[in-house]
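# What the coordinates show
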Amino acid sequence: MAGESTYVERAPAPPLAALASSVWIQQVGDAPVSQRHVPHGGAEVRVVLGETPRLLGALTTSTYQEIPAGGTVVGVRLRPGVLGGLAGMPADELVDQDVAGADLWRDVARLTDLLGEAPTPQVALDRLQSFVAHSAGEPDHLVNEAVRNLMPWRGGGPAVLPALLSISERQLRRRCRAAVGVGPKELHRILRFQGFTALVQASVAEQGATDVDLARWAVESGYHDQAHLSRECRRLAGATPGEFLLQYSVACTCGHDHGASYLPMLRAAGDGRFVQERRRLPA
């Protein structure tokens, strides 16, 4: 509809599954859109079709992107640990940075033309996925294991990682910063917040509700209590949990499906399985 933004998010193509958590197409109506990004531990490659591709490094606080009226955006959300290999530099040099692709990759002008000439946004997204899949280096498998153990449902936290992975704390921090952009402690905070964000997204998607038990959600997400959640939410998203829930509900009750992002951050009640095993992600 005129003036509205449509957003379609899905799981990445199989060749990209180990590197990306989701991909999307966003089409903006006759008014520009200010798109908020909150920290999620990974990075994003996104392109307003007709413009140069950009890389948004790992975030430690929320930021905004202005999308022009009539613009179409295709994007890839990278998993934590992929950024360093794709950028060809230590990922901590890109933290909170929005970098033009021309500063990172060769022949970006050709990629820009290839995406802009695509007959449909889906074809442009497919071409972007192919570029990312062929450009990313081999991930650091130790960092991947660290990321897996820092997910909200694991409960161990960064303190157990050196013994678990048979590496010194200093070496782990160095490798994590080089691959992800931030150290294990900061990454744990971000992934824990993503666990809370996933609960918000699931609640809005299922019932559009804003009347929820934030104290219970705080504990389920791994926080000590609601006050702990509130401090972290202000730090990472610039809003209280209640404000964040309301903002998200207003922005995303118009049919936007963020399941590809939030389902992997949740688990089925009681048995530890991911929610994505219960609900099939969009193809």
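Everything in this summary refers to the structure shown in the same document. The shown structure was predicted, so the numbers you read here are calculated from the model rather than taken from an experiment.

What counts, and where the lines are drawn
Residues numbered from 1 in each chain as written. Predicted model: local features only at pLDDT ≥ 70, side-chain atom pairs only at ≥ 80, totals over all residues. Heavy atoms only, no water. Helix = DSSP H or I, 4+ residues; strand = E, 2+ residues; numbered from the N terminus. Buried < 20%, exposed > 50% of the residue type's maximum accessible area, 1.4 Å probe, protein only. Contact = heavy atoms within 4.5 Å. Pairing = 2+ DSSP bridges. Axes fitted to C-alpha atoms, helices over the stretch in contact; angles between N-to-C directions. Salt bridge = Lys/Arg side-chain N within 4 Å of Asp/Glu carboxyl O. Parallel < 35°, antiparallel > 145°, perpendicular 65-115°, else oblique. Nonpolar A, V, L, I, M, F, W, Y, C, P; charged D, E, K, R; others polar. Expected span 1.5 Å × (residues − 1). Arc of directions from axis to C-beta. Core = buried A, V, L, I, M, F, W, Y, C linked by side-chain atoms within 4.5 Å. Phe/Tyr/Trp six-rings, centres within 6.5 Å; stacked < 30°, edge-to-face > 60°.

### A word on the overall build of the protein
- Within the protein, the secondary structure is distributed over eleven helices and eight strands.
- Buried positions account for 52% of the 283 residues belonging to the protein.
- Counted over contacts in the protein with a minimum sequence separation of 6, partners at least 24 positions apart contribute 69%.

### Some points on the pairing of strand S7 (residues 72-78)
- With seven of seven residues buried, S7 is to be regarded as a mostly interior element.
- Going residue by residue along S7, you find Thr72, Val74, Val76 and Leu78 tucked away on one face and Val73, Gly75 and Arg77 tucked away on the opposite face as well.
- Bridge analysis of strand S2 (residues 20-27) against S7 gives seven bridges, and the strand direction is antiparallel. Across the sheet, Trp24 pairs through a bridge with Gly75, a residue of S7.

### Digging into the environment of Ser21
- Inspection of the secondary structure puts Ser21 in strand S2.
- A residue is classified by how much of its surface remains accessible, and Ser21, at 18% relative accessible area, is buried.
- As a C-alpha pair, Ser21 and Arg79 span 58 residues in sequence and 5.6 Å in three-dimensional space.

### With respect to the sheet that holds S7
- The strand order across the open sheet built from six strands is S1-S2-S7-S4-S5-S8, with neighbouring strands paired in antiparallel fashion. The open sheet has two edge strands with one neighbour each: strand S1 (6-10) and strand S8 (98-100). Shown here is a sheet whose adjacent strand axes are inclined to one another by a mean of 20°, direction ignored.
- Here helix H3 (residues 121-135) sits on the sheet in contact with S1, S2, strand S4 (44-48) and S7, set at roughly 30° to S7.

### Here we look at the pattern of salt bridges
- For the coordinates displayed, the defined rule picks out ten salt bridges.
- Among the salt bridges present, the one from Arg235 reaches Glu186, with a minimum N-O distance of 2.8 Å. Of the two residues, Arg235 sits in helix H9 (residues 226-237) while Glu186 sits in helix H7 (residues 184-207), which places them 49 residues apart along the sequence.
- Take Glu186: its relative accessible area is 16%, and that puts it in the buried class.
- One salt bridge in this structure joins Glu220 and Arg216, with 2.7 Å as the shortest N-O distance. Here Arg216 and Glu220 lie together in helix H8 (residues 214-220), a separation of four residues that amounts to about one turn.
- Relative accessible area serves as the criterion here: at 42%, Arg216 is assigned to the partly exposed category.
- One salt-bridge network, held together by shared partners, links Arg46, Arg54 and Asp98.

### Points about the packing of helix H4 (residues 141-149) against helix H6 (residues 169-179)
- It is at 10 Å that the axes of H4 and H6 come closest, and there the two elements cross at 95°. Relative to H6, the element H4 is oriented roughly perpendicular. Touching Leu142, Val143 and Ala146 of H4 are Leu172, Arg175, Cys176 and Ala179, all from H6.
- Residues of the contact of H4 with H6, tallied by class, amount to six nonpolar, no polar and one charged.

### Some details on H3
- Between its first and last C-alpha, H3 extends 21 Å over 15 residues, near the 21 Å set by a 1.5 Å rise per residue.
- The set of residues buried in H3 consists of Ala124, Leu125, Leu128, Gln129, Phe131 and Val132. The buried residues of H3 occupy one face: seen down the axis, they fall within an arc of 160°.
- Those residues of H3 hidden inside the fold are in contact with S1, S2, S4, S7, helix H1 (83-87) and helix H2 (108-116).

### Quick notes on the nonpolar core
- Within the largest apolar cluster, 31 residues are counted, with the highest numbers of intra-cluster contacts made by Val45, Leu55, Val76, Leu78, Trp105, Leu128 and Val132.
- When contributions to this core are tallied by element, the ones reaching two or more residues are S2, S4, S7, H1, H2 and H3.
- Looking at this core element by element, the count peaks at five residues for H3.
- In contact with Val76, other than residues within four places in its own chain, are Leu16, Ala20, Ser22, Val23, Trp24, Ala43, Glu44, Val45, Leu128, Gln129 and Val132.
- One finds Val38, Val204, Tyr223 and Phe244 within the second-largest nonpolar core, a separate group that totals 19 residues.

### Observations regarding the packing of aromatic side chains
- Counted under the stated rule, the structure contains five aromatic pairs.
- Relative to Phe196, the ring of Phe193 lies with its centre 6.0 Å away and its plane at 40°, an arrangement referred to as tilted. Within this pair, Phe193 and its partner Phe196 are both found in helix H7, separated by three residues, close to a single helical turn.
- With a centroid separation of 6.2 Å and 70° between ring planes, the pair formed by Phe196 and Trp217 is classed as edge-to-face. Highlighted residues: Phe196 in helix H7 and Trp217 in helix H8, separated in sequence by 21 residues.
- What makes Phe196 buried here is its relative accessible area of 0%.
- Residue class for Trp217 comes out buried when judged on its relative accessible area of 6%.

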